Amino acid sequence: MKNLFLFILLLISPRLFAQELQITPYGFIKASVTGADHALASFSNINLSAPTLAIARTRAIDENSRSSFQVAQSRFGATITKSEKVSGRFELDFIDFGKSSPTTQMVPRVRRALVTYKGEGFHLDIGQDWDLFSPTTAYTYDIVGLYFNAGNTGFQRQQLQYHRNLSAWQLSAALGMAGNNPGTADADLEIANSPTYSIRAKHTAGNWIYGYSGIYSRINFATSNDRWTEAYGNNLFFERETPSFGIKAELFQGQNLANIGALSLARATATHDVREWGGFVSMQVPVNENNKIFGGVGCDRIDNKGSIAAANISATGVVNNNATGARTNFLSRIGLDHQIEKDFSWLIELSRYETSSKLSASSYQTYITHALETGILWKF
């Protein structure tokens, strides 16, 4: 840990490598408090670190209200430029979804680590970066949770990306890792020997951006019954930002996307494939020079609900095998961004999570949870 921070300090020193490298640090500090009237899950962990859905309340304690102070979503990054052709980027945050309210127990998490090579009319991104699939983010104070599990699906992936610029269009393709495995031994992901294949076509005209992205891979349940199946997704995205209005939106449909690292609900089992569709719309409107109102709605819905695994939550609150049991997740938000100084704001955001969960083969229950988050954000 100490060596990592020493490395970061050395990296951003303006005197180091001054003859060859241009180093530009960036990031933000987010300090907030979140309260909820019932239990929420940050992906597959019952805590308030980056809420994404209302967890099935299989324990009496999950009916209780709760609150947490957080700074773990804060972020630090640096771009390193060697020449017009070669540059790189490191980016860290401190989130750990397996820790409810850490203080000194926070650890850095590598978000991005990549090299960019620019050629004539094209560029390559090599390393860990935002997925080519589902490229749009959203206006929200939950910067890590975004609208994931509720219509937004693309996250970080280790990949080789190729981008070709053709006038107003950018055509891209990528070869990537089909998920992640934080365990100590190779498992289904590595044994399958099957990467992801992604494509994207993006059109930019002034402040309009829209396009299509797609992803495909094969899955092998090698450590259980050796079943092979397919994972895929199709995505339409749209963005428009002006001084008076901003909108970002996505629509998607796919199968088994959660198995290949996408942040959606559809997770295949060793016996069943799971299909889904969804999308989100997020907007931002300036009220005056110092205030902006932002908000949005998002939804992710499983088509073949009988194929999903039922919620599997232990008495201690561990969600076993990522089995939240979520069949449909609907998220709505509204917030206020008050600028105190340039790049320094106080924000408040109210969120409503409505999640239908599978409890058994024939039992489904809808849970509604409200959350309020407020705090500061300083960008640098």
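1. Remarks on the overall build of the chain
Along the backbone of the chain there are 2 helices and 17 strands. In terms of C-alpha radius of gyration, the chain reaches 21 Å, essentially the compact-globule figure of 21 Å for 380 residues. The principal-axis extent of the C-alpha atoms belonging to the chain is close to 65 × 50 × 45 Å. Of all intrachain contacts in the chain linking residues separated by at least 6 positions in sequence, the fraction that spans at least 24 positions is 62%.

2. As for unusual backbone geometry
If you check the backbone angles, Ser-134 has positive phi at about 55° while not being a glycine. On the basis of relative accessibility, which here comes to 2%, the residue Ser-134 falls in the buried class. Of note, the phi angle at Asn-321 is positive, near 55°, even though the residue is not glycine. Turning to its location among the elements, Asn-321 is positioned in the loop between strand E14 (291-302) and strand E15 (326-341).

3. A short note on the pairing of strand E13 (residues 275-288)
Bridge count between strand E12 (residues 245-255) and E13: 10 bridges; the pairing is antiparallel. Residue pairing across strands places Leu-251 opposite Gly-279, the latter belonging to E13. Note that E13 and E14 share 12 bridges and pair antiparallel. Across the sheet, the residue bridging to Val-281 is Val-297, located in E14.

4. Considering a nonpolar patch on the surface
A surface patch of nonpolar side chains, amounting to about 590 Å² of accessible area, comprises Val-86, Val-115, Tyr-117, Ile-126, Leu-160, Leu-175 and Tyr-197. Counting through the fold element by element, Leu-175 comes out in strand E8 (residues 169-176). Given a relative accessible area of 43%, Leu-175 falls into the partly exposed group.

5. Brief notes about the nonpolar core
If you look at the biggest cluster of nonpolar residues, it comprises 27 residues, and the most contacted ones within it are Leu-40, Ile-46, Leu-53, Ile-55, Ile-302, Ile-313 and Tyr-353. Where this core is concerned, the elements lending two or more residues are E15 and strand E17 (363-379). If near-sequence neighbours (up to four positions away) are discounted, Leu-40 is found in contact with Asn-45, Ile-46, Asn-47, Leu-48, Pro-51, Leu-53, Ala-54, Ile-55, Tyr-353, Thr-369 and Ala-371.

6. Describing the packing of aromatic side chains
All told, the structure shown has 9 aromatic pairs when counted by the stated rule. Ring centres 5.9 Å apart and planes at 85° place the aromatic pair Trp-130 and Phe-155 in the edge-to-face group. Of this pair, Trp-130 sits in strand E6 (residues 122-130) while Phe-155 sits in the loop between E6 and strand E7 (156-166), and the two are 25 residues apart along the sequence. The exposure class assigned to Phe-155 is buried, which follows from its relative accessible area of 16%. Measuring from centroid to centroid gives 5.3 Å for Trp-378 and Phe-380, while their planes differ by 45°, and the two rings are tilted. In this structure Phe-380 comes out as partly exposed when scored by relative accessible area, which is 39%. Grouped by ring-pair contacts, the aromatic residues Phe-43, Phe-97, Trp-130, Phe-148 and Phe-155 constitute a single cluster. The aromatic ring of Tyr-141 is capped on one face by Lys-30, whose charged end is 4.3 Å from the ring centroid. Sitting over the ring of Tyr-147, Arg-333 keeps its end group 5.2 Å from the ring centre.

7. Describing the pairing of E12
Of all 11 residues in E12, 8 are buried; the element is thus mostly enclosed. Note: strand E11 (residues 227-242) against E12, 11 bridges, orientation antiparallel. Of the residues in E12, the one forming a bridge with Gly-233 is Gly-254.

8. Topic: the side chain of Thr-324
Along the chain, the position of Thr-324 falls in the loop between E14 and E15. Judged by its relative accessible area of 10%, Thr-324 is buried. A polar contact of 3.3 Å, which involves the side chain of Thr-324, links it to the backbone nitrogen of Ala-326.

The rules behind the values
- In this convention, every chain numbers its residues from 1, walking through the sequence in written order.
- Residues qualify for local features only when their pLDDT is at least 70, as the model is predicted, and side-chain atom pairs are given and counted only at 80 or more; totals for whole chains, interfaces and linings, by contrast, use all residues.
- Only hydrogens and water are set aside; all other atoms, that is, all heavy atoms of the structure, feed into the side-chain values.
- Put simply, DSSP marks the helices as runs of H or I at least four residues long and the strands as runs of E at least two long, and each gets a number from the N terminus on.
- The atom set for the radius of gyration is the C-alpha atoms, and the globule formula is 2.2 Å times the number of residues raised to the power 0.38.
- In this analysis, two residues are considered to be in contact whenever any of their non-hydrogen atoms come within 4.5 Å of each other.
- Burial here depends on accessible area, computed with a 1.4 Å probe over protein chains only, as a share of the maximum for the residue type. Under 20% is buried, over 50% is exposed, and the range in between is partly exposed.
- A strand pair is defined by DSSP finding two or more bridges across the two strands.
- Patch definition: residues above 30% relative accessible area lacking any salt bridge, with like charges linked at up to 9 Å and the nonpolar side chains Val, Leu, Ile, Met, Phe, Trp and Tyr linked at up to 5 Å.
- To be clear on the numbers: accessible area is Shrake-Rupley with a 1.4 Å probe, and residue cover counts the displayed protein chains and nothing else.
- We define a salt bridge as a side-chain nitrogen of Lys or Arg found within 4 Å of a carboxyl oxygen belonging to Asp or Glu.
- Residues belong to one nonpolar core when they are buried, are Ala, Val, Leu, Ile, Met, Phe, Trp, Tyr or Cys, and are joined through side-chain atoms within 4.5 Å.
- Pairs were defined over the aromatic rings of Phe, Tyr and Trp, the Trp ring being its six-membered one, requiring ring centres within 6.5 Å. Orientation was assigned from the angle between planes: stacked under 30 degrees, edge-to-face over 60, tilted for the rest.
- Here, a charge over a ring is recorded when the distance from Lys NZ or Arg CZ to the ring centre is within 6 Å and its angle to the ring normal is within 35 degrees.
- Pairs of N or O atoms are called polar contacts if they sit within 3.5 Å, as long as, within protein, a hydrogen donor faces a hydrogen acceptor (for residues adjacent in sequence, only side-chain-to-side-chain pairs).

Interpretation note: all reported values are geometric properties and have no functional meaning in isolation.
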